[in-house]
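Each chain is listed here by its residues.
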Amino acid sequence: HPVGLTVTWPGGSNDELFASAADWVSPNARGDEYREPPVGDGRKVVVNDTDHLCYPCGDPSFVWRSVTRGLNPAFMDPYDCASDVAHDCVPSAFEPVRANLGYARALLASTALDLMTPRPELCSTGFCLASTSPGAAEVVAYLPSGGTAANALTWLGVHRHPRFSWPLDSRVTVDLSTVGGSLDVEWLELATGRLHAGATVVGGAPRTLTAPFDGDAVLHLHHGPTRRSSGA
């Protein structure tokens, strides 16, 4: 029976969570950690819960930033926005996050997730799960729409910023220097859930890939058939 501990309210300390004997924890958002969640380092199972981060909130970006940093997203669904703290809430606005929780579940079920760890240094966007095991290399990378502008504004000290869509956001460079052979390419379109097959890419060096559509995207690189396509 895993024991969990959520951050105390108000003004709780995440340091207390990670110093505790709890098996899993739910931190709060310090600074801009809703958009830039910490990398899961294995000390605790982290349930990244919007109830403690920013309620009422949630979007597809939250789902994919969490999973590619090795965290477990949990969406505190405001549902009909009747809560006394959900005064700026629009029920239909949260349908995309509900859908992307399903997309993430389906995609990750097709991977060798037990072999993958968060590797932000391998992807230019900083959101990357990867395994570089010989013959079983696999990468799941998130390309956030507006990431280029957001990074620039964050560097200038602006942490609450609007989302923009720039052409540069459709590209990601993945360091495949230690990966041999060729990898199949698959793109997930977060706005629709549609999967797009891409041309294979050869390892041995950093490779830049471009999504075949605009908006938020997830790149999946893998050797051979996925568990989904093989029927497993």
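Quantities reported herein were computed from a predicted structural model and do not represent experimental measurements.

A.B. asks: How would you summarise the pattern of salt bridges if you had to cite specific residues and measurements?
C.D. replies: This model, assessed by the stated rule, comprises seven salt bridges. Of the charged contacts, one joins D77 and R98 as a salt bridge, the two residues approaching to 2.7 Å between their closest N and O atoms. Here the residue D77 occupies a position in the loop between strand 4 (72-74) and helix 4 (95-109), and R98 occupies one in helix 4, the gap between them amounting to 21 residues. D77 gets classed as partly exposed once you look at its relative accessible area, which sits at 31%. Assessed through its relative accessible area of 24%, R98 is described here as partly exposed.

A.B. asks: Give a detailed account of the state of the cysteines, specifying residues and quantitative values.
C.D. replies: Throughout the structure, instances matching the rule amount to three disulfides. Across the disulfide, C54 is cross-linked to C57 (sulfur-sulfur distance 1.8 Å). Every disulfide takes its handedness from the sign of the S-S torsion; for C54 and C57 that torsion is 65°, giving right-handed. Exposure remark for C54: the relative accessible area of 26% places this residue in the partly exposed category. Residue C57 is classed as buried on the basis of its relative accessible area, which comes to 11%. Taken N- to C-terminal, the disulfide-bonded cysteines of the chain are connected 1-2, 3-4, 5-6.

A.B. asks: Explain the packing of aromatic side chains to me, and be specific about the residues and the numbers.
C.D. replies: Summed over all chains, the structure comprises two aromatic pairs. Arranged with centres 5.8 Å apart and planes meeting at 40°, the rings of F75 and F94 form a pair that is tilted. Separated by 19 residues along the polypeptide, F75 in the loop between strand 4 and helix 4 and F94 in the loop between strand 4 and helix 4 bring together distant segments of the chain. An identical accessibility class is assigned to F75 and F94; each is buried. Relative to Y142, the ring of F127 has its centre 5.9 Å away and its plane inclined at 70°; by these criteria the two rings are edge-to-face. In this pair, F127 is assigned in the loop between strand 5 (117-118) and strand 6 (128-131) and Y142 in strand 7 (residues 138-143), connecting sequence segments 15 residues apart.

A.B. asks: Could you give an account of the layout of surface pockets, naming the residues involved and the relevant values?
C.D. replies: Taken as a whole, the second largest pocket spans an internal volume of roughly 220 Å³. Forming the walls of the second largest pocket are 14 residues, and the residues nearest its centre are G70, L71, N72, P118 and L129.

A.B. asks: Lay out the sheet that holds strand 9 (residues 182-189) with the relevant residues and their values.
C.D. replies: Strand pairing in a sheet relies on backbone hydrogen bonds. The paired strands run either parallel or antiparallel. Taken in spatial order, the six strands make up an open sheet running 5-6-7-12-9-10, and their pairing is antiparallel. The open sheet has two edge strands with one neighbour each: strand 5 and strand 10 (195-202). In this sheet, strand 12 (residues 217-222) lies alongside strand 7 in antiparallel orientation, the contact comprising six bridges. Residue Y142 lies in a different strand from strand 12, and its bridge partner there is V218. Sitting on the sheet, helix 3 (residues 60-67) touches strand 6, strand 7, strand 9 and strand 12, and the angle it makes with strand 7 is about 145°. Against the sheet, helix 4 touches strand 6, strand 7, strand 9 and strand 12, its axis set at about 165° to strand 9.

Parameters and conventions
Residues numbered from 1 in each chain as written. Predicted model: local features only at pLDDT ≥ 70, side-chain atom pairs only at ≥ 80, totals over all residues. Heavy atoms only, no water. Salt bridge = Lys/Arg side-chain N within 4 Å of Asp/Glu carboxyl O. Helix = DSSP H or I, 4+ residues; strand = E, 2+ residues; numbered from the N terminus. Buried < 20%, exposed > 50% of the residue type's maximum accessible area, 1.4 Å probe, protein only. Disulfide = S-S within 2.5 Å. Phe/Tyr/Trp six-rings, centres within 6.5 Å; stacked < 30°, edge-to-face > 60°. 1 Å grid on protein atoms, 1.4 Å probe; cavity = no way out; pocket = protein on both sides within 12 Å on 5 of 7 lines; lining within 4 Å. Points joined across faces, edges and corners; volume = space filled by probe spheres on them. Pairing = 2+ DSSP bridges. Contact = heavy atoms within 4.5 Å. Axes fitted to C-alpha atoms, helices over the stretch in contact; angles between N-to-C directions.

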